[in-house]
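Here is how the chains run, residue by residue.
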Amino acid sequence: MNIVLVLREKSKKIDNDLSQRLSVALALLLLCTFFSVANEYFFELNNFITIAIQTAITAITAYGMTFVIISRAVDLSIGSILAFSTVTVAMLLNAGVPLLIAILIVIVAGALFGSMNGVFVSKMGLPPFIATLGAQMAIRGLTMVITDARPIYITGNDSFRLIFQGKIFQQEWLPLPVVYLIALALISSFILRKTVIGRQIFAVGSNEEAARLSGIKTAKIRIFAYLYSGLMASIAGVVLTARVNSGQPTIGVAYEASAIAAAVIGGASMSGGHGSIGGTILGAFIMTTLMNGLNLMNVSQNWQMFATGLVVIFSVYLDMVRRNR
Amino acid sequence: MNLNRTGIESILSMKNISKKFPGVQALDDVSLDVKSGAVHALIGENGAGKSTLMKILTGIYTADTGTIVYQGDVIHPKNPREMADRGVSIIHQEFNLIPHLTVAENIFITREPRKFRNTIIDDKRLIEETKKLLRHLDISLDPKAKLAKLSVAEKQMVEITKALAVNSEILVLDEPTSALAEKEVQKLFEIIRDLKNRGVAIIYISHRLEEFEAIVDEVTTLRDGRYVSTSRWSDTSIPQLVRNMVGRSLDNQFPERNHDVGEIVFEARNIRRGRQVNDISLKVRKGEVVGLAGLMGAGRSEFARAVFGADRMESGTLYLDGREFVTRSPSDAIHNGITYLPEDRKLDGLFLDLEVQQNIMYATYSDNAVMGVVDDKRCRKKVDRVIRDLQVKTPTVKQLVGNLSGGNQQKVLIGRWLLKDLKVFIFDEPTRGIDVGAKFEVYNLINRLAEQGAAIIMISSEMPEILGLSDRIYVLCEGRLMGEMDAREATQEKILRLASGLTERIPA
């Protein structure tokens with residue numbers, strides 16, 4: 001309780017976002033220290049690279065989620081969009097479609113799903129929670145239908161695996177998933193901070209009516225935020241497909257929870273108007289470090305899921321306390 | 001023997017009540033004496049202190065000084081619940097009812113008859129008791145009807161029934177007839193007369209002086225937070241009351257302006273939207289400040305929002321420089337050169353948790369961007385200019401707007417639109433909630449805009465502001481245009497008469 005009070009006091013006085021970022025970095029450091037002491041294998045370069053690779057998927061989906069959360073909404077459909085991407089990219093490759101075209105088709109589909117969410121919310125006025133929960137089930141259902149609920153193994157396209165397994169730079173020390181993590185972070189951050197549409201996402205999330213009366217086309221902004229979320233989910237889907245070298249119709253369940261937790265831990269506010277990609281990356285690292293550490297300590301998958309749930313609840317609670325609403 | 005019990009009839013006596021809010025003396029030595037079985041009207045302009053006085057009575061605010069004697073005892077109301085338990089009920093203009101519950105459920109909310117050891121609501125008894133109450137008050141309503149399906153008048157009946165279900169001694173009615181049709185008003189008066197006969201004291205807040213004849217026994221007038229007079233209805237007259245309400249001289253609080261008025265820039269013809277905007281037409285010329293006067297609920301903001309595209313216009317046409325145009329959304333209106341600065345800046349105007357610089361730039365980011373990427377250097381220059389120009393008091397451009405004072409918040413909002421090349425500005429209560437010094441600066445800004453050739457529509461409930469700033473004044477009452485006058489010929493009496501819907505001429 002004391003910690004909460006101190007955090008609240010702090011956030012009032014010092015620059016909000018900076019103190020937020022620092023306390024998250026501190027939390028990550030503490031987490032790493034704890035696992036380093038608890039497990040001998042944790043504090044190793046290889047393990048850190050593993051964590052970074054594992055973080056890529058969570059972080060990429062969380063970038064999109066950050067856009068949506070800043071606009072004061074939520075996207076529960078990203079896990080299903082991700083699963084849809086993995087099976088469609090696998091099917092397209094198996095059908096002999098060239099790699100780049102297959103990827104392009106898949107991410108366009110993801111963006112389309114996303115913008116449909118946006119239309120449901122902004123044009124039809126559905127609550128974001130309901131609209132995207134419906135989309136989550138519908139897209140998952142569609143994924144099951146086209147695969148008959150069975151995994152699709154990629155045959156005859158060996159270069160595809162390199163999307164995940166490739167490395168760059170001298171001695172090939174930098175794995176490609178980490179490159180995606182960084183590149184997409186730079187792009188997302190640029191859009192949010194430097195472009196007109198990015199700035200307007202903050203406006204819509206902070207006060208939608210004021211945004212509308214300022215001449216901002218709020219529906220357009222909402223659709224864009226959802227489109228971006230769908231786009232990120234499908235890119236994450238392609239990367240994940242390359243990792244398992246197959247399309248998995250059941251993959252991605254509850255990914256939205258990790259993405260929300262990453263964004264919120266990183267300072268995005270469920271009441272809109274706040275959030276940053278830098279914070280979200282830290283949040284995503286906290287999520288995967290936790291999973292990785294628990295894994296090394298032989299904590300079962302089921303307990304890990306339990307822990308994720310608690311982290312989601314606690315992070316959103318901290319957000320509420322922070323915003324003092 | 002209770003020595004406080006001086007007059008047998010007086011059920012409530014509020015004596016020498018004063019209340020100060022930061023920067024405003026809301027009530028200054030105000031007294032009110034209410035008798036059982038009588039209707040006591042409380043009148044005054046917007047901001048005269050009527051609501052503050054009632055909020056003190058019902059325990060929402062605490063008076064700084066003064067005493068309240070109720071049923072012979074000195075009381076210190078602490079919260080609305082306590083006063084409701086003592087039999088003081090208030091019915092606000094905005095009803096406190098739950099739309100998806102039934103009439104019976106609303107009337108008995110939190111006090112529903114229970115069964116099975118107080119665990120389950122006894123629906124049968126709930127309906128029975130409601131029927132009894134409604135019959136008692138001679139109100140014909142279906143206890144099972146959903147609130148949302150009722151008319152405004154019927155909802156008001158539900159509110160009254162709800163208040164009386166707890167044995168009210170005093171019933172405060174705040175502008176009860178403002179949303180009612182003539183027939184419904186008559187029904188309400190019947191009920192009020194019936195309550196009078198039962199000995200209920202009624203405090204009746206209303207601007208519609210012409211309706212007082214039917215029910216009012218006594219009238220107390222407030223002005224600028226001060227007590228003016230109390231008289232029996234039979235001993236006073238409407239002109240006298242109007243004079244009491246507005247009897248205030250205009251001091252020199254308005255800066256001078258060069259009244260150089262040009263061609264008609266903007267015209268709205270036959271604008272309609274629901275019952276709140278009923279066939280309103282007006283014109284504004286280049287360099288002209290047009291005042292929109294009226295009482296609360298006259299439909300001024302609704303008219304402005306419809307014209308601006310914030311709400312859908314049902315019918316009507318708009319002209320800019322003689323050419324017809326349409327506004328489907330605020331961004332359409334802004335594109336055409338019209339803006340609207342809303343009455344509630346915190347709710348509809350500002351982004352309180354975002355920085356000053358973003359707040360200033362939000363309407364013009366796209367004008368200061370290359371291929372969708374914001375040119376931050378250019379923006380920063382403009383923000384700095386606005387802050388210097390309007391003397392916005394803020395430590396840095398990164399300060400959150402929510403931390404600024406009301407006056408500085410209003411400057412930020414105005415500053416946002418100075419960056420856009422606009423022809424028409426609609427200000428809605430531009431000085432509400434800001435201190436005197438900042439008011440003067442806002443007046444200066446409005447004048448400057450007019451001198452630079454903008455056409456300005458200013459909605460205000462403050463008479464001196466309307467009279468001191470406008471070139472021409474339109475008066476609205478209940479969604480209708482009541483009249484138009486040159487500001488030089490306008491007087492507070494004339495405006496108030498039109499705004500109250502009074503038709504007979506008041507002798508000077």
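The coordinates are above.
These lines cover the structure that appears in this document, whether it is placed above or below. (Residues numbered from 1 in each chain as written. Chains lettered and ligands numbered in written order. Predicted model: local features only at pLDDT ≥ 70, side-chain atom pairs only at ≥ 80, totals over all residues. Heavy atoms only, no water.)

Observations concerning the overall build of chain B
- The helix and strand inventory of chain B stands at 17 helices and 24 strands.
- A compact globule built from 508 residues should have a C-alpha radius of gyration of about 23 Å, and chain B, at 25 Å, falls within 12% of that.
- Counting only C-alpha atoms, chain B reaches 75 × 60 × 45 Å along its principal axes.
- The contacts of chain B with a sequence gap of at least 6 include a subset with a gap of at least 24, amounting to 66%.
- Surface accessibility of chain B: about 23400 Å² in total, with carbon and sulfur atoms responsible for 47%.
- Counting 72 positive and 72 negative side-chain charges, chain B places the averaged centre of each group 3 Å from the other. (Helix = DSSP H or I, 4+ residues; strand = E, 2+ residues; numbered from the N terminus. Rg over C-alpha atoms; globule rule 2.2 N^0.38 Å. Contact = heavy atoms within 4.5 Å. Areas by Shrake-Rupley, 256 points an atom, 1.4 Å probe, with all protein chains shown as cover. Lys, Arg positive; Asp, Glu negative; His and termini not counted. Charge placed at Lys NZ, Arg CZ, Asp CG, Glu CD.)

With respect to the overall build of chain A
- Per the secondary structure count, chain A includes 14 helices and 4 strands.
- Dimensions along the principal axes, computed over C-alpha positions, put chain A at roughly 60 × 55 × 40 Å.
- For chain A, with 325 residues in total, the buried portion stands at 56%.
- In chain A, the share of contacts with a sequence separation of at least 24, taken over all contacts with a separation of at least 6, comes to 78%. (Buried < 20%, exposed > 50% of the residue type's maximum accessible area, 1.4 Å probe, protein only.)

Considering the packing of aromatic side chains
Residue and element names in this part refer to chain A.
- Applying the stated criterion across every chain, the model contains 16 aromatic pairs over all chains.
- Residues Phe67 and Tyr228 carry aromatic rings whose centres are separated by 4.1 Å and whose planes lie at 15 degrees to one another, so their mutual orientation is stacked. Placement of the pair is Phe67 in helix α3 (residues 45-70) and Tyr228 in helix α11 (residues 218-244), with a sequence separation of 161 residues.
- The exposure class assigned to Phe67 is buried, which follows from its relative accessible area of 0%.
- On the basis of relative accessibility, which here comes to 4%, the residue Tyr228 falls in the buried class.
- Joined through ring pairs, the aromatic side chains of Phe34, Phe35, Phe42, Phe43 and Phe48 make up one cluster. (Phe/Tyr/Trp six-rings, centres within 6.5 Å; stacked < 30°, edge-to-face > 60°.)

Side note on the interface of chain B and chain A
- Chain B puts 28 residues into the contact, and the matching count from chain A is 23 residues.
- Summed over both partners, the interface of chain B with chain A buries about 2000 Å², with 53% contributed by carbon and sulfur atoms.
- The three residues of chain B that bury the most area against chain A are B:Phe351, B:Asp353 and B:Tyr362, which together make up 27% of that side's buried surface.
- Summed over the shared surface of chain B and chain A, the number is 3 salt bridges.
- For B:Asp376, the salt bridge is made with A:Arg199, and the minimal N-O distance between the two is 2.8 Å.
- Applying the counting criterion to the chain B and chain A interface returns 14 residue pairs in polar contact (both at pLDDT 80 or more).
- When contributions to the side of chain B that touches chain A are tallied by element, the ones reaching two or more residues are α9 (300-308), α10 (330-335), α11 (345-349), β20 (373-374) and α14 (406-418) of chain B.
- Looking at side-chain class alone, the side of chain B that touches chain A contains 17 nonpolar, 5 polar and 6 charged residues. (Buried area = accessible area lost by both parts, 1.4 Å probe. Salt bridge = Lys/Arg side-chain N within 4 Å of Asp/Glu carboxyl O. Polar contact = N/O pair within 3.5 Å; in protein donor to acceptor, adjacent residues only side chain to side chain. Nonpolar A, V, L, I, M, F, W, Y, C, P; charged D, E, K, R; others polar.)

Looking at the packing of helix α8 (residues 238-246) of chain B against helix α17 (residues 492-499) of chain B
All names here are of chain B.
- At a closest axis distance of 10 Å, the pairing of α8 and α17 adopts a crossing angle of 115 degrees. In terms of crossing hand, the pair formed by α8 and α17 is right-handed. Taken together, the residues of α17 that come into contact with α8 (itself represented by Val242, Arg243, Met245 and Val246) are Gln492, Glu493 and Leu496.
- For the contact of α8 with α17, a count of residues per class yields 4 nonpolar, 1 polar and 2 charged. (Axes fitted to C-alpha atoms, helices over the stretch in contact; angles between N-to-C directions. Left-handed = near helix turned anticlockwise from the far one by under 90°.)

Considering the packing of helix α9 (residues 196-206) of chain A against α11(A)
All names here are of chain A.
- At their nearest, the axes of α9 and α11 sit 10 Å apart, and the two run at 105 degrees to each other. The pairing of α9 with α11 is recorded here as roughly perpendicular in orientation. Here Ile197, Gln200, Ile201 and Val204 of α9 come into contact with α11, specifically with Thr218, Ile221, Arg222 and Phe224.
- In terms of residue class, the contact of α9 with α11 is made up of 5 nonpolar, 2 polar and 1 charged. (Parallel < 35°, antiparallel > 145°, perpendicular 65-115°, else oblique.)

Looking at the sheet that holds strand β14 (residues 277-285) of chain B
All names here are of chain B.
- Pairing within the open sheet is antiparallel, and its 4 strands lie in the order β14-β13-β16-β17. The sheet is open, and its two borders are formed by β14 and β17 (323-325), each paired with just one other strand. Across the sheet, the mean angle from the axis of one strand to that of its neighbour is 20 degrees, orientation sign disregarded.
- In this fold α9 packs onto β13 (264-273), β14 and β16 (315-320), with an angle of close to 110 degrees to the strand it touches most, β13. (Pairing = 2+ DSSP bridges.)

Here we look at the nonpolar core
- Core analysis: the largest hydrophobic core is formed by 169 residues, its most contacted members being A:Tyr63, A:Phe67, B:Phe266, B:Phe303, B:Phe425, B:Phe427 and B:Ile456.
- Broken down by element, the residue count for this core peaks at 14 residues, all from α3(A).
- In this structure, A:Tyr63 is in contact with A:Leu181, A:Leu184, A:Ala185, A:Ser188, A:Met232, A:Ile277, A:Thr280 and A:Ile281, ignoring residues within four places of it in sequence.
- Grouped together as the second largest cluster of nonpolar side chains are 63 residues, B:Ile139, B:Leu209, B:Leu295 and B:Ile495 included. (Core = buried A, V, L, I, M, F, W, Y, C linked by side-chain atoms within 4.5 Å.)

Brief notes about a positive patch on the surface
Residue and element names in this part refer to chain B.
- Together, Lys131, Lys132, Arg135 and Lys144 make up a region of like positive charge exposed at the surface.
- Structurally, Lys132 is set in helix α4 (residues 123-136).
- Take Lys132: its relative accessible area is 53%, and that puts it in the exposed class. (Patch = residues over 30% accessible without salt bridge, like charges linked within 9 Å, V, L, I, M, F, W, Y side chains within 5 Å.)

Comments concerning unusual backbone geometry
- Look at A:Arg72: it is not a glycine, yet its phi comes out positive at around 65 degrees.
- One non-glycine residue, B:Asn16, adopts positive backbone phi at about 50 degrees.
- Inspection of the secondary structure puts B:Asn16 in strand β1 (residues 10-21).

A look at the pairing of strand β9 (residues 170-174) of chain B
Residues and elements named next belong to chain B.
- Most of β9 sits out of view: 5 of its 5 residues are buried.
- As judged from the 4 bridges shared by strand β6 (residues 88-91) and β9, these two strands associate in the parallel manner. Following the sheet pairing, Ser89 is matched in β9 by Leu171.
- Direction of pairing for β9 relative to strand β10 (residues 201-205): parallel, over a ladder of 5 bridges. Each bridged residue has a counterpart across the sheet, and for Leu173 the counterpart in β10 is Tyr204.

Description of the pairing of strand β3 (residues 39-43) of chain B
Residues and elements named next belong to chain B.
- Counting buried residues in β3 gives 5 out of 5 residues, a clear majority hidden from the surface.
- Burial of the side chains of β3 extends over both faces: Val39, Ala41 and Ile43 are buried on one face and His40 and Leu42 on the other.
- One ladder, built from 4 bridges, connects β3 with β10; its direction is parallel. Note on β10: the bridge partner recorded for Leu42 is Ile205.
- Here 4 bridges tie β3 to strand β11 (residues 218-223), and the two strands are oriented parallel to one another. Pairing of Leu42 across the sheet is with Thr220, part of β11.

Some thoughts on α11(A)
Residues and elements named next belong to chain A.
- Taking 1.5 Å of rise per residue, the 27 residues of α11 would be expected to cover 39 Å, and the 39 Å separating its terminal C-alpha atoms lies within 8% of that figure.
- Of all 27 residues that make up α11, 22 are buried, and the element is covered over most of its length.
- Where α11 ends, the next residue or the one after it, Asn245, has phi of about 50 degrees, a positive value. (Expected span 1.5 Å × (residues − 1).)

Quick look at the sheet that holds strand β23 (residues 472-477) of chain B
Residue and element names in this part refer to chain B.
- With mixed pairing, 6 strands are arranged side by side in an open sheet as β18-β21-β22-β15-β23-β24. This sheet does not close on itself; its edge strands, each paired only once, are β18 (338-341) and β24 (480-486). In this sheet, adjacent strand axes meet at a mean angle of 20 degrees when their direction is disregarded.
- Note that β23 and β24 share 6 bridges and pair antiparallel. In the strand pairing of β24, Arg472 is matched with Asp486.
- Docked against the sheet, α14 engages β18 and β21 (424-428), running at close to 175 degrees with respect to β18.

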